[in-house]
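Observations on chain architecture
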Amino acid sequence: MEKSIRINIYNITGQHDAINSDDGEKIYSKIKELIDKDYNVILDFSNITHLITAFLNIAYGQLFGQFDEKLIESRIAFENISDEDLYTVNRVRKNAIEFFLKKSQEQTKEK
Amino acid sequence: MIIEVPSQIENTFSGYQHISEMFDKTQNEEFGDIVFDFIDCRWFDANLLAAFGALIDNLESNFNNINIRNLDIRVESIFKKNGFYSIIKGARSIDHWGTTIKYQKFKTVDEILFSKYLDSELFTKKSMPKMSSGLNKRIKENIFEIFNNAIIHSGCEYIYTCGQYFHKRERIDLSIVDIGKTIRYNVKEFLNKNISGIDAIQWATEESNTTRIGEIPGGLGLKLLREFLKMNKGKLQIISDNGFWEENDEGIIEKRETNTCFPGTIVNIEINTGDEEEYKLSNE
């Protein structure tokens, strides 16, 4: 299935600031459910003026602990997002990949 | 108990040390009468009222009566303009120059109120300097990161904030304070080894280091804050437990141990408002 579903971030946050952890968790759950069901996801950042890593780590970063990096990149698209915010997204992605890599290495060591 | 407030409480190592000492001296007080005597105090940097306010709030929650006496006229004026005085004496005077950033206490769930506070005190206030939209955005996002760090890591109930705009120096100082688990406590628990307050702060400011346990990555907020302040030629100060850590406008880090422990974390940022950088970052 290749259908894309749009998630409007502002509709979940209800404000221009994407900063709240609970909102991040809601978005994470929606994305996870859609990927599990083989959908593509469009994250629409229309009307979002402030975006922080604490929010993105929850909404997006923790997906890298559930799915393969390539799968995430092929399934999630970012729309209506500024270059500055996309830079933050990329920092969160890089950090998340390193975080889960380190975690799996530690788990291997323990075994 | 009478606490004599020292002559100068500034955004320096000794200023933070004085604040920590006041916490230390009063830490076991319950159902008492505590007097803060300002007879010798001639200067109190306004942003540090966030930490002093946290102290008074903490003491009041332990059923102590607080009295503040012998305020110097200039110190009293600062306290009145930013609303701190109203907390202790019930009156606020008008800040004609509009250079104060109000003293405020937030619950950790008050993110929306905090956002409105930043807008009204920093970004829409007529007396505040005109900054580029890119700079405004970066400032607000970085302040949110600090607010969130306090929520995630300290387990505190309240967050205290206060600031001051120095128009001649083109600087804004803003402090965000929590009384909760210190950085040293969290890092010590996470690494499962003894670590000094200074080393714990240094560890926390490095990329990817986070004390968060579980499936959510972290450790970027302070790193991005440092990067921003470096570009902005601003300053970052972190005080937690017995650690004082500062990165100045030239990127030089100063680390010192305080005599007494601060029972939480103070993050003070000094923003260069004369910065004309557009902050248009390209995608990696």
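Residues numbered from 1 in each chain as written. Chains lettered and ligands numbered in written order. Predicted model: local features only at pLDDT ≥ 70, side-chain atom pairs only at ≥ 80, totals over all residues. Heavy atoms only, no water.

**A closer look at the overall build of chain B**
Note the cut-off: Runs of E in the DSSP output that reach at least two residues are strands. Runs of H or I that reach at least four are helices, and both are numbered from the N terminus. Radius of gyration: C-alpha atoms only; globule rule: 2.2 Å multiplied by the number of residues to the exponent 0.38. Only protein chains enter the accessibility calculation, which uses a 1.4 Å probe. A residue is then buried if its area is under 20% of the maximum for its type, exposed if over 50%, and partly exposed in between. Throughout, a contact is declared for two residues whenever any of their heavy atoms are within 4.5 Å. All accessible-area figures derive from a Shrake-Rupley calculation using a 1.4 Å probe, and residue coverage is judged against the displayed protein chains alone. For this count, His and the chain ends are skipped, Lys and Arg are scored as positive, and Asp and Glu as negative. Taken as the charge location is NZ of Lys, CZ of Arg, CG of Asp or CD of Glu.
Within chain B one finds 9 helices and 10 strands. The globule rule puts the C-alpha radius of gyration for 284 residues at 19 Å, and the 18 Å found for chain B is close to it. Expressed as lengths along the three principal axes of its C-alpha atoms, the size of chain B is roughly 55 × 50 × 35 Å. When burial is assessed residue by residue, chain B has 56% of its 284 residues classed as buried. Contacts in chain B between residues far apart in sequence, at least 24 positions, make up 67% of those at least 6 positions apart. Of the roughly 12,500 Å² of accessible surface on chain B, a fraction of 46% belongs to carbon and sulfur atoms. Across chain B, the 34 positively charged side chains and the 44 negatively charged ones have centroids separated by 4 Å.

**Some remarks on the overall build of chain A**
Along its length, chain A carries 5 helices and 5 strands. Going from N to C terminus, chain A has its helices and strands arranged as β-α-β-α-β-β-α-α-β-α. Since a compact globule built from 111 residues should have a radius of gyration of about 13 Å, the 14 Å found for chain A is in line with a globular shape. Projected onto the principal axes, the alpha-carbon positions of chain A cover approximately 45 × 30 × 25 Å. Split into buried and exposed, the 111 residues of chain A put 53% on the buried side. Of the accessible surface of chain A, which amounts to about 5,500 Å², a share of 45% is contributed by carbon and sulfur atoms. Measuring between centres, the 15 positive side-chain charges of chain A sit 5 Å from its 19 negative side-chain charges.

**Considerations on the packing of helix α6 (residues 133-154) of chain B against helix α9 (residues 221-232) of chain B**
Residue and element names in this part refer to chain B. To keep things clear, this is the line we draw: Between N-to-C directions, angles cover 0 to 180 degrees, with each direction set by a line fitted to C-alpha atoms, over the stretch in contact for helices. Left-handed is the label given to a crossing in which the near helix is rotated counterclockwise from the far helix by less than a right angle, and right-handed is the label when the rotation is clockwise. Polarity classes work like this: nonpolar for Ala, Val, Leu, Ile, Met, Phe, Trp, Tyr, Cys and Pro, charged for Asp, Glu, Lys and Arg, and polar for all others, with Gly in that last group.
Running from N to C, α6 and α9 cross one another at 145°; their axes reach a closest spacing of 10 Å. Remark: the crossing between α6 and α9 carries left-handed chirality. Residues Leu135, Arg138, Ile139, Asn142, Glu145, Ile146 and Asn149 of α6 form the contact with α9, whose participating residues are Gly221, Leu222, Leu224, Leu225, Phe228 and Asn232. Class assignment of the residues belonging to the contact of α6 with α9 gives a composition of 7 nonpolar, 4 polar and 2 charged.

**A closer look at the interface of chain A and chain B**
Using the following cut-off: By definition, the buried area sums, over both parts, the 1.4 Å-probe accessible area that each loses when the two are put together. Within this document, salt bridges are pairs made up of a side-chain nitrogen of Lys or Arg and a carboxyl oxygen of Asp or Glu, the two lying within 4 Å of each other. Whenever a nitrogen or oxygen atom comes within 3.5 Å of another N or O atom, the pair is scored as a polar contact, on the condition that within protein one atom can donate a hydrogen and the other can accept it, and that pairs from neighbouring residues in sequence are kept only if both atoms are in side chains.
On the side of chain B, 31 residues touch chain A, which itself brings 33 residues to the contact. Carbon and sulfur atoms make up 51% of the area that chain A and chain B hide from each other, which totals about 2,900 Å². The tally of links from chain A across to chain B stands at 4 salt bridges. Residue B:Lys140 pairs with A:Asp17 through a salt bridge whose shortest N-O separation is 3.8 Å. Taken together, the links from chain A to chain B amount to 12 residue pairs in polar contact (both at pLDDT 80 or more).

**Observations concerning unusual backbone geometry**
Residues and elements named next belong to chain A. One non-glycine residue, Asn47, lies in the positive phi region at around 70°. Locating Asn47 in the fold gives a position in the loop between β3 (40-44) and β4 (50-51). Phi angles above zero are rare outside glycine, and Asn80 is one such case at about 55°.

**With respect to the nonpolar core**
Just so we agree on the cut-off: By nonpolar core we mean a set of buried residues, namely Ala, Val, Leu, Ile, Met, Phe, Trp, Tyr and Cys, connected to one another through side-chain atoms within 4.5 Å.
In this structure, A:Leu43, A:Tyr60 and A:Ile76 are the most contacted members of the largest nonpolar core, which totals 74 residues. With 7 residues, α6(B) is the single largest residue contributor to this core. With 38 residues, the next largest nonpolar core counts B:Ile9, B:Ala46, B:Leu59 and B:Phe79 among its residues.

**Overview of the side chain of B:Glu121**
All names here are of chain B. Looking at where Glu121 falls in the secondary structure, it is placed in helix α5 (residues 111-123). Relative accessible area serves as the criterion here: at 8%, Glu121 is assigned to the buried category. Non-local contacts of Glu121, meaning those with residues more than four positions away in its chain, are made with Thr100, Ile101, Lys102 and Met128.

**Brief notes about the confidence of the model for chain B**
Keep this limit in mind: The score called pLDDT rates the predictor's confidence residue by residue, from a low of 0 to a high of 100.
Considering every residue of chain B, the mean pLDDT works out to 88; 94% of them sit at 70 or more. At the low end of the mean pLDDT range in chain B sits helix α4 (residues 84-88) of chain B, at 77; at the high end sits strand β9 (residues 235-247) of chain B, at 96.

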